[in-house]
Amino acid sequence: MKQLCVIGQGGHSKVIIDIIIAMKKYQIAACLDDKYPGTSKRKGILYGPVSLAEELSKEESMGFVIAIGCNKTRKKLFSELGLPIERFPVLVHPAAVVSPSSIIGGGTVVMPNSTINACAAIGNHAIINTGSVVEHDSLLGNYVHVCPNATLTGNVEAGEGAQIGAGAAIIPGIRIGRWSIVGAGSTVIHPVPDHEKVAGAPAKSILKVRV
Ligand SMILES: CC(=O)SCCNC(=O)CCNC(=O)[C@H](O)C(C)(C)COP(=O)(O)OP(=O)(O)OC[C@H]1O[C@@H](n2cnc3c(N)ncnc32)[C@H](O)[C@@H]1OP(=O)(O)O
């Protein structure tokens, strides 16, 4: 069984650990978070600060997952770790439905009851959260988060770092700009520019997101 190091120990990582267990393909070797001042070992799992990742990465068979919900933090950590994307497997819960014609980038996690339909393409380190739908031909950049129960209909585009709030719906062919945020429960019927925050039905701008 391949070894995996989980970086981040908050609520999001609990769901990712459940995915890893359900996949029965990886063994958790280490859980890292800066909330651990020192190192300890429990039930064969090493706990310690994120700085341990460098030492662990010397073991070439060790895979990594950045289990942190904040899109910007995942991007920052990936860059700081300096590891090739191949070291970050795609983690898909067995209860997710993923089309064989879809493409999913390294480090992306796919939660239970979500659906990724035909010819969708998803970048690296994205989160396809519980019960969400990414419809056919949709194109999602790196670090995108599709929150629980959000629906991206056909041919939707989401730029790098975009967050689609829980239960939001995006009608076909709409682009959500880079690092933009769509509020929970919103209905998006117009394109959203980069770094914009929109909410409501139909969704309207509420504030610019600080870059
Ligand atoms: C497993 C997990 O937990 S995954 C995480 C899932 N998380 C989410 O889905 C969070 C989505 N976030 C939201 O919906 C947030 O409300 C945001 C990001 C859209 C806005 O947050 P903030 O920037 O803090 O905005 P704030 O709360 O100050 O609201 C600004 C205005 O927008 C309105 N507004 C905020 N969110 C929404 C929304 N989802 N729908 C409609 N209107 C909204 C507010 O009523 C307020 O209007 P007002 O100025 O007329 O009073």
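Starting afresh in each chain, residues are numbered from 1 along the sequence in its written order. Thresholds applied to this predicted model are a pLDDT of at least 70 for local features of residues and 80 or more for the giving and counting of side-chain atom pairs; totals over whole chains, interfaces and linings are not thresholded and use all residues. In computing side-chain values, all of the structure's heavy atoms are included and hydrogens and water are not.

## Section: the UniProt feature "domain: PglD N-terminal" (unreviewed entry) in the chain
For step 1, the next point in the chain: Here the UniProt-annotated "domain: PglD N-terminal" (unreviewed entry) positions come out as residues 3-81.
For step 2, the next point in the chain: Across residues 3-81, helical content stands at 37% and strand content at 29%; the span's end C-alpha atoms are separated by 17 Å. UniProt positions are given in the numbering used here, feature names are shortened, and annotations may be inferred rather than shown by experiment. Every helix listed is a DSSP run of H or I at least four residues long, and every strand listed is a run of E at least two residues long, numbered separately from the N terminus.

## Structural notes on the environment of Thr130
For step 1, the next point in the chain: Mapped onto the secondary structure, Thr130 falls in the loop between strand E12 (127-128) and strand E13 (133-134).
For step 2, the next point in the chain: Expressed as a C-alpha distance, the spacing of Thr130 and Pro112, which sit 18 residues apart in the sequence, is 5.3 Å.
For step 3, the next point in the chain: Contacts are residue-level and defined by heavy atoms, with any inter-residue pair within 4.5 Å sufficient. Those residues in contact with Thr130, other than ones at most four positions away along the chain, are Met111, Pro112, Pro148 and Asn149.
For step 4, the next point in the chain: A polar atom in the side chain of Thr130 sits 3.3 Å from the side chain of Asn129. Within 3.5 Å is the distance limit for a polar contact, defined as a pair of N or O atoms, with the added protein rule that one can donate a hydrogen and the other accept it, and that residues adjacent in sequence qualify only through two side-chain atoms.

## Remarks on unusual backbone geometry
For step 1, the next point in the chain: A cis geometry characterises the amide bond from Ala201 onward to Pro202, with omega recorded as -5°.
For step 2, the next point in the chain: Along the chain, Pro202 falls in the loop between strand E23 (196-199) and strand E24 (204-208).
For step 3, the next point in the chain: A positive phi angle is found at Lys43, which is not glycine, with a value near 50°.
For step 4, the next point in the chain: With respect to the helices and strands, the residue Lys43 is situated in the loop between strand E3 (40-42) and strand E4 (45-48).
For step 5, the next point in the chain: A positive phi angle is found at Cys119, which is not glycine, with a value near 60°.
For step 6, the next point in the chain: Relative to the helices and strands, Cys119 is located in the loop between strand E10 (115-116) and strand E11 (121-122).

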